[in-house]
Amino acid sequence: FLETTAYFCMKPKMGEKEVSPHSFFSIWHEFSSDFKDFWKKENKLILQERVKEAEEVCRQKKGKSLYNIRPKHDSGIVSNNHSYT
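On a predicted model such as this, the values are computed, not experimentally measured, just so you know.

Enquirer: How would you sum up the overall build of the protein chain? Please name residues and give values.
Expert: Counting secondary structure elements, the protein chain contains three helices and zero strands. Reading the protein chain from its N terminus to its C terminus gives the helix and strand order α-α-α. Across the 85 residues of the protein chain, 5% fall into the buried class. For the protein chain, the exposed area adds up to about 8,800 Å²; of that, 59% sits on carbon and sulfur atoms.

Structure below.
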């Protein structure tokens, strides 16, 4: 514990000889909570951006026709039968 507090440059409060676990973990809890909140917000924004990109790709693909439609021409047996009637 003392090595960890030294790594994070924690100094004891006035009148204390060492950093107490309560003071260290109260600060750590605040940091963790803030980090979790920002992480959730950032992930939500990233998800929204990806959904918008996917919707745009779908719109572009729907706009492009995957096949060509050609007009129907009378030919073959059907057109020959009409000439006799």
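Enquirer: Help me get a handle on the pattern of salt bridges, residues and values and all.
Expert: Counted according to the given criterion, the structure contains two salt bridges. Two residues, Glu 55 and Arg 59, come together in a salt bridge whose shortest N-O distance is 4.0 Å. Pair noted here: Glu 55 and Arg 59 are both in helix α2 (residues 21-63), with a separation of four residues, about one helical turn. On the basis of relative accessible area, Glu 55 is assigned to the partly exposed category, the value being 40%.

Enquirer: Could you give an account of unusual backbone geometry, naming the residues involved and the relevant values?
Expert: Of all residues except glycine, most have a negative phi; of all peptide bonds, most are trans. The phi angle at Cys 9 is positive, at roughly 55°, despite the residue not being glycine. Summarising the element assignment, Cys 9 is placed in the loop between α1 (2-7) and α2. For Cys 9, a relative accessible area of 62% translates into the label exposed.

Enquirer: Which residues make up the side chain of Ser 23, and what values go with them?
Expert: Relative to the elements of secondary structure, Ser 23 occurs in helix α2. What makes Ser 23 buried here is its relative accessible area of 8%. Apart from residues lying up to four places away in sequence, Ser 23 is in contact with Met 10 and Lys 13.

Enquirer: How would you sum up the confidence of the model for the protein chain? Please name residues and give values.
Expert: Overall, the prediction assigns the protein chain a mean pLDDT of 82, with 76% of residues at 70 or greater. Taken element by element, the predicted model of the protein chain shows its lowest mean pLDDT in helix α3 (residues 77-84) (56) and its highest in α2 (92).

Enquirer: Got a sec to walk through the packing of aromatic side chains? Specific residues and values, please.
Expert: If you walk through the whole model with that rule in mind, you get ten aromatic pairs. Plain terms: the ring middles of Phe 1 and Phe 24 are 5.6 Å apart, the flat faces sit at 90° to each other, and that makes the pair edge-to-face. Within this pair, whereas Phe 1 is found in the segment before α1, its partner Phe 24 is found in helix α2, the two being separated by 23 residues in sequence. For Phe 1, a relative accessible area of 39% translates into the label partly exposed. With a relative accessible area of 6%, Phe 24 lands in the buried category. Note on Trp 28 and Phe 31: the rings are 5.4 Å apart at their centroids and 45° apart in plane angle, and the pair reads as tilted.

Criteria and cut-off values
Residues numbered from 1 in each chain as written. Predicted model: local features only at pLDDT ≥ 70, side-chain atom pairs only at ≥ 80, totals over all residues. Heavy atoms only, no water. Helix = DSSP H or I, 4+ residues; strand = E, 2+ residues; numbered from the N terminus. Buried < 20%, exposed > 50% of the residue type's maximum accessible area, 1.4 Å probe, protein only. Areas by Shrake-Rupley, 256 points an atom, 1.4 Å probe, with all protein chains shown as cover. Salt bridge = Lys/Arg side-chain N within 4 Å of Asp/Glu carboxyl O. Contact = heavy atoms within 4.5 Å. pLDDT = per-residue confidence, 0-100. Phe/Tyr/Trp six-rings, centres within 6.5 Å; stacked < 30°, edge-to-face > 60°.

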